[in-house]
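Examination of the molecular architecture
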Amino acid sequence: MTERQTGRTAQQTADVVILGAGPAGLTLGNLLRAAGIDCVVLERADPEHVRTRARAGFLAANTVRVLDRHGLADGLHRHGKPHGTCEFRTEDGSFRLDYGALGRRELHTVYPQQDLVTDLLTHYLAAGGRIAFETEAQAVEGIDGPAPTVTVRDAEGRPGHWRARYVAGCDGRHGAARRSLPPDTRRYHRDHGVSWLALLAEAPPSMDAVGYAMHPDGFAGHMARTADVTRYYLQCAPGTPADAWSEERIRTALDRRLRADEHGPLHHGRILHRSVVHLESDVLDRLRYGSLLLAGDAASLPAPAAAKGANLAVLEAELLAEALIDELQRGDARALDGYSARCLTHIWRAQEFAHWMIQLLHSPVGPGSGAAVGPVVGPAVGPAVGAQAGPAEESFFHEAMRRSRVESLRTSRTHQDWFAENYVGI
Ligand code: RFL
């Protein structure tokens, strides 16, 4: 099947229909294809969009192990860069953590998500994998029965159907898989009340570490992507439009928050891409709904503060592939029955660490919070009641805890080991 083929014919079939050609869907497709399972990937976007959509860059050691196990890691070994240092720049001073020498002594591999997706797609097509681009899944029906159906529309709006034995929802948080779940689906959602202006700059990295800056104006982050491209983050007020900040304002804010006067100038470069990411966490209480199984962002959204999303997507895709292969080739449904529980252990651990990072990096008086900070003034015994207690006191307490958390990370080897294990781990 060619890349341009769409799902417009009246009805087509595959044992597994995979929705979405991101890290989750393409990893799953490759593993099923290698096992000889009849599958197809349906992707809403065109091939160019899929190959160029820039998002993640920090791959966990386990992600590399999974991709290695299945012969999918050539590109990241050739072009990715091992990475094991981060630098915290705070109001109370700066320090570096060589996390690659702490905890389990594991490193990240810095490799842009669009390059990983391109590798996975190339591999899948070379192995004869079927994919229909510009084919948007509308709904998954019949998930309680043995033959679920995916209704689709191609780029010209023509309808079609795919009938499957299993449907893998790898189409992200706003995809058709989530929209097709039963109305009583349980979902846990947290709005962290923090937004980031996420920037890709045509600039070499300005330091040999991931930079996390905590500043009274708000958080700023620096992450290498390639030798010529750097990702920067700037905390901004929730609701800020992506184009609201001029390049001049961005440069000034980066210099100020990352304390360029103390640490040396930053490479700013031309801004290649900008978006506003609101930090939210979202988890479904199960990943299996009859013959519909979810993986990646469709299953859970960890706020990007801990760089876990693409890593969870690859891990879940491997677990799902193993479970489907067991069921379809050996009639053994045990792994499929246990799929939700196995994934949720990893998902909640990633969520917990992302939550911890958000608390570490953001002050309660950041941009748009409207919060004031102040201790309670009054008698030093008894409950703190009266006009002085309230949100300002609460913010003061949170801010003091945040600074204390940073201090623990700076000084405690045990704390640093814990950080390293969770930061690279999945
Ligand atoms: P994706 O990558 O969103 O792919 C889903 C695919 O499904 C398609 N689609 C549909 N196709 C057919 N029918 C429909 N109805 C469809 N609806 C959607 C889409 O076009 C798309 O091709 O999901 P997947 O595979 O679950 O992968 C998840 C990751 O993309 C995501 O978690 C990460 O990018 C998160 N993330 C990071 N994760 C990391 O592990 N390390 C990082 O360093 C990291 N940095 C980031 C990030 C996410 C970011 N943003 C933009 C939220 C940095 C940022 C700024």
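Details of the structure are given in the entry above.
Residues numbered from 1 in each chain as written. Predicted model: local features only at pLDDT ≥ 70, side-chain atom pairs only at ≥ 80, totals over all residues. Heavy atoms only, no water.

Quick notes on the site of the ligand
Lining the immediate environment of the ligand, one finds 31 residues, of which Glu43, Arg53, Gln113, Asp297 and Asn311 sit closest. The contact in question runs from an oxygen atom of the ligand to an N or O atom on the backbone of alanine 24, over 2.9 Å. Separating an oxygen atom of the ligand from a side-chain N or O atom of arginine 55 is a distance of 3.1 Å. Among the elements of the structure, helix H1 (23–34), strand E10 (135–141), strand E17 (230–236) and helix H9 (309–330) are those that each provide at least two residues to the shell around the ligand. (Near = heavy atom within 4 Å. Polar contact = N/O pair within 3.5 Å; in protein donor to acceptor, adjacent residues only side chain to side chain. Helix = DSSP H or I, 4+ residues; strand = E, 2+ residues; numbered from the N terminus.)

As for the packing of H1 against helix H5 (residues 113–126)
The interhelical angle for the contact between H1 and H5, taken along N-to-C directions, is 25°, at an axis separation of 9 Å. It follows from the interaxial angle that H1 and H5 lie roughly parallel. Once H1 is placed against H5, the crossing between them reads as left-handed. In contact with Pro23, Leu26, Thr27, Gly29, Asn30 and Arg33 of H1, H5 contributes Gln113, Val117, Leu120, Leu121, His123 and Tyr124. By residue class, the composition of the contact of H1 with H5 is six nonpolar, five polar and one charged. (Axes fitted to C-alpha atoms, helices over the stretch in contact; angles between N-to-C directions. Parallel < 35°, antiparallel > 145°, perpendicular 65-115°, else oblique. Left-handed = near helix turned anticlockwise from the far one by under 90°. Contact = heavy atoms within 4.5 Å. Nonpolar A, V, L, I, M, F, W, Y, C, P; charged D, E, K, R; others polar.)

Some words on unusual backbone geometry
As a rule of thumb, non-glycine residues mostly have phi less than zero, and peptide bonds are mostly trans rather than cis. Here the phi dihedral of glutamate 134 falls at roughly 50°; this positive angle occurs in a residue that is not glycine. Located in the positive-phi region is arginine 259, a residue other than glycine, with phi close to 55°. Relative to the helices and strands, arginine 259 is located in the loop between helix H7 (247–257) and helix H8 (260–263).

Things to note about the packing of H9 against helix H11 (residues 339–361)
At their nearest, the axes of H9 and H11 sit 10 Å apart, and the two run at 170° to each other. Compared by their axis directions, H9 and H11 come out roughly antiparallel. Of H11, the residues touching H9 (which contributes Leu312, Leu315, Glu316, Leu319, Leu320 and Glu322) are Tyr339, Arg342, Cys343, His346, Ile347 and Ala350. For the contact of H9 with H11, a count of residues per class yields eight nonpolar, one polar and three charged.

Points about the sheet that holds strand E4 (residues 58–59)
Spatially, three strands are ordered E4-E8-E5 in an open sheet, and the strand pairing comes out antiparallel. The open sheet has two edge strands, E4 and strand E5 (81–83), and neither has a second partner. Across two bridges, E4 lies against strand E8 (residues 108–110) in antiparallel orientation. When the sheet's bridge partners are listed, leucine 59 is paired in E8 with threonine 109. (Pairing = 2+ DSSP bridges.)

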